[in-house]
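Each chain is listed here by its residues.
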Amino acid sequence: MSDLKHPVPLKRYRREEEKNEFDSDDDYVPYVPVKERKKQQLAKLGRLSQLKEDGMNGAGKSSSENEQDDRDDDNGQVWGRKSNISLLDQHTELKKLAEAKKESAMEKQLKEEEKILETVAETKALMGVAELAKGIEYTDPIKTCWKPPRIILNLSEVRHERIRRKYGITVEGDDVPPPLRSFKEMKFHKGILSGLEQKGITKPTPIQMQGIPAVLSGRDIIGIAFTGSGKTLVFVLPLIMFCLEQEVALPFGKHEGPYGLIICPSRELAKQTYDIIQHYTNSLRHHNCPEIRCCLAIGGVPVSESMAIIGRGVHIMVATPGRLMDMLDKKMVKLNVCRYLCMDEADRMIDMGFEEDVRTIFSYFKGQRQSLLYSATMPKKIQNFARSALVKPVTINVGRAGAASMNVIQEVEYVKQEAKIVYLLECLKKTPPPVLIFAEKKQDVDAIHEYLLLKGVEAVAIHGGKDQEERSRSVEAFRAGKKDVLVATDVASKGLDFANIQHVINYDMPDDVENYVHRIGRTGRSSHTGIATTFINKANDESVLLDLKHLLREAKQKIPPFLQELCSENEKYLNVGDEQGCSYCGGLGHRITECPKLEAIQNKQASNIGRRDYLASNAADY
């Protein structure tokens, strides 16, 4: 009997083992009702902070501790609402996590932008070919005999900074000269002071307070200030003083000079600068000073007029790049003694394709020169590029580069394309004359001009297709008040100064927001106020309208509903890092990753590469 009892329990044990192995209910997950599952989910949300801490400290835990945590999670012990965290605290915690994710996305955006900037950055320095070939590098600025008044020099740097903050001046550079708040402190000749009085100028503007002392000290300058801020006098008055000093020490002989060269992107701006210089040199002559001769070298004006002055010895030359290149190439003028170079509206000149011309002009200099670059719109890309040609430059900024003047009331109106020309007459009723009307295309300028004449409006027009004599005659008639309206393309938008312009009408929104800033800057000058009316419609590119929207917001202007509705996909990235908006073109409504101007330039370069290859291959066949 004892022998029979042993196998039975052994057999039963095997069956139990098999049952435990295959039929166990330990892994069975019971059905959880939806209501209960929602409760568990809410409990987990209430313990987000605990999860974050566990995630950070998980690396330091042993595997057994992590296993224990997992078991606790499964059992619902950790995720229970033991701490009774309020919904407000949960919201704060979720917000922190979202911010952390946002920051990482911004870092990614900045890295991407840095790569793009590196690819588009100019590797070629803005210097003469001979200087680059010989490795000539100037380390110290040009020395001058001018010094600020001793009483100003004895004041502390804290006082200078306080003055700069008061007038909204920001400076970059080493050993920046102190700002001066009167023309007498700048030690100008009484002839120049008399000329300023005749123009009704009694005290310097912010850009003049800091810019003129820096130029008189011999420093290279990058000057940025809003339109109508008086940038022209910053480079004109010191140059006249330098030329007067040279003429008194040793008079200029025949065919000698120029000592100073001013390059402008348009003929009208060059003519205006020439007229300003003539005013102050005539004022000096009335105070028994030697004659300071200035010549104008622009297309459309006979070269013989320039040569007559150059033959007597010229102190200052105002020129456009094309005519200057032609005269240098034909050896009509030499830059052997030229020690002063100013590029007015420098960024526009580079944008207009004069970059290679400027580089070539630099090659004609025979020594170090004091270089000055001025504009109302100068993105960081242009500033960094310009620094390659400057020696220890001082960057003077009054307001943000590319910002619109706060003296201009900007009104943006939605007008259908076919209704624009008729609506112009309504807009002209807003203010008394003179009024400026801008259009992108030459044919639009002609059509508007003809329409206004038919309606009895005293109007003149200028654009690149008209000859220089007609352009000059139209500008002078408008400036003298003989005509009420000037219709123009962007040739009249950069730097031109017309007295008492009360209204600027943009018949169409330009493709570049920088051109818009220059256009509306023709009004609201020298602390006066003005109105700018801009027509927009569906034909305008959305990226330009976004830039316009953010420009209006920055200037605290009214934003119309149709612009307010526009929203960029990457609007959250507009103020990432040090740069507002795009670091390539300065537009506020987009970043460099979606810059239409950069895209257009890259497309043009790509098409030119293919074209050059095709032309080269055809030339090789012949």
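Above this text is the structure in question.
Below or above, wherever it landed, is the structure these notes cover. (Residues numbered from 1 in each chain as written. Predicted model: local features only at pLDDT ≥ 70, side-chain atom pairs only at ≥ 80, totals over all residues. Heavy atoms only, no water.)

### Focus: the pattern of salt bridges
Step number 1: This model, assessed by the stated rule, comprises 17 salt bridges.
Step number 2: Among the salt bridges present, the one from Arg-164 reaches Glu-157, with a minimum N-O distance of 3.1 Å.
Step number 3: Given the relative accessible area of 1%, Arg-164 is considered buried.
Step number 4: The residue Asp-508 makes a salt bridge to Arg-519 at a minimum N-O spacing of 3.9 Å. Here Arg-519 lies in helix H21 (residues 513-520) and Asp-508 lies in the loop between strand E13 (503-506) and H21, a separation of 11 residues in the sequence.
Step number 5: Overall, the relative accessible area of 10% leaves Asp-508 in the buried class.
Step number 6: Salt bridges here are not isolated pairs; linked through shared partners, they connect Glu-440, Asp-490, Asp-508 and Arg-519. (Salt bridge = Lys/Arg side-chain N within 4 Å of Asp/Glu carboxyl O. Buried < 20%, exposed > 50% of the residue type's maximum accessible area, 1.4 Å probe, protein only. Helix = DSSP H or I, 4+ residues; strand = E, 2+ residues; numbered from the N terminus.)

### Regarding the packing of aromatic side chains
Step number 1: Inspection of every chain in the model, using the stated rule, returns seven aromatic pairs.
Step number 2: Note on Phe-362 and Phe-365: the rings are 6.3 Å apart at their centroids and 80° apart in plane angle, and the pair reads as edge-to-face.
Step number 3: On the basis of relative accessibility, which here comes to 3%, the residue Phe-362 falls in the buried class.
Step number 4: Judged by relative accessible area, which is 6%, Phe-365 ranks as buried.
Step number 5: One Lys or Arg, Arg-369, reaches over the ring of Phe-365 and ends 5.1 Å from the middle of that ring.
Step number 6: Taking NZ or CZ as reference, Lys-420 lies 5.1 Å from the ring centre of Tyr-507, over its face. (Phe/Tyr/Trp six-rings, centres within 6.5 Å; stacked < 30°, edge-to-face > 60°. Lys NZ or Arg CZ within 6 Å of the ring centre and 35° of its normal.)

### Observations regarding the environment of Gly-587
Step number 1: Along the chain, Gly-587 turns up in the loop between helix H23 (561-564) and helix H24 (596-621).
Step number 2: What makes Gly-587 buried here is its relative accessible area of 0%.
Step number 3: The spatial distance from the C-alpha of Gly-587 to the C-alpha of Asp-512 is 8.5 Å, given a sequence separation of 75 residues.

### Here we look at the side chain of Arg-519
Step number 1: Relative accessible area serves as the criterion here: at 0%, Arg-519 is assigned to the buried category.
Step number 2: Within the structure, Arg-519 has its side chain in polar contact with the side chain of Asp-490 (distance 2.8 Å).
Step number 3: Apart from the residues lying within four places of it in its own chain, the contact partners of Arg-519 are Phe-438, Ala-439, Glu-440, Asp-490, Ser-493, Val-504, Asn-506, Asp-508 and Pro-510. (Polar contact = N/O pair within 3.5 Å; in protein donor to acceptor, adjacent residues only side chain to side chain. Contact = heavy atoms within 4.5 Å.)

### Brief notes about the sheet that holds strand E3 (residues 260-263)
Strand pairing in a sheet takes place through backbone hydrogen bonds and is either antiparallel or parallel in direction.
Step number 1: What the eight strands build is an open sheet, ordered E1-E8-E2-E7-E6-E3-E5-E4; its pairing is mixed. Two strands in the sheet have a free side with no partner beyond their single neighbour: strand E1 (169-172) and strand E4 (294-297). Strand after strand, the sheet turns through a mean of 15° between neighbouring axes, direction not considered.
Step number 2: The pairing of E4 with strand E5 (residues 316-319) spans four bridges and is classified as parallel. (Pairing = 2+ DSSP bridges. Axes fitted to C-alpha atoms, helices over the stretch in contact; angles between N-to-C directions.)

### A word on the sheet that holds E13
Step number 1: With parallel pairing, six strands are arranged side by side in an open sheet as E9-E14-E13-E10-E12-E11. On the outer flanks of this sheet lie strand E9 (408-414) and strand E11 (459-462), each paired with one strand and no other. Shown here is a sheet whose adjacent strand axes are inclined to one another by a mean of 15°, direction ignored.
Step number 2: Pairing geometry for strand E10 (residues 435-438) and E13, over four bridges, is parallel. For Phe-438, the partnering residue across the bridge sits in E13 and is Asn-506.
Step number 3: Taken strand by strand, helix H18 (residues 420-428) contacts E9, E10, strand E12 (485-488), E13 and strand E14 (530-536), and its axis lies near 165° from that of E14.

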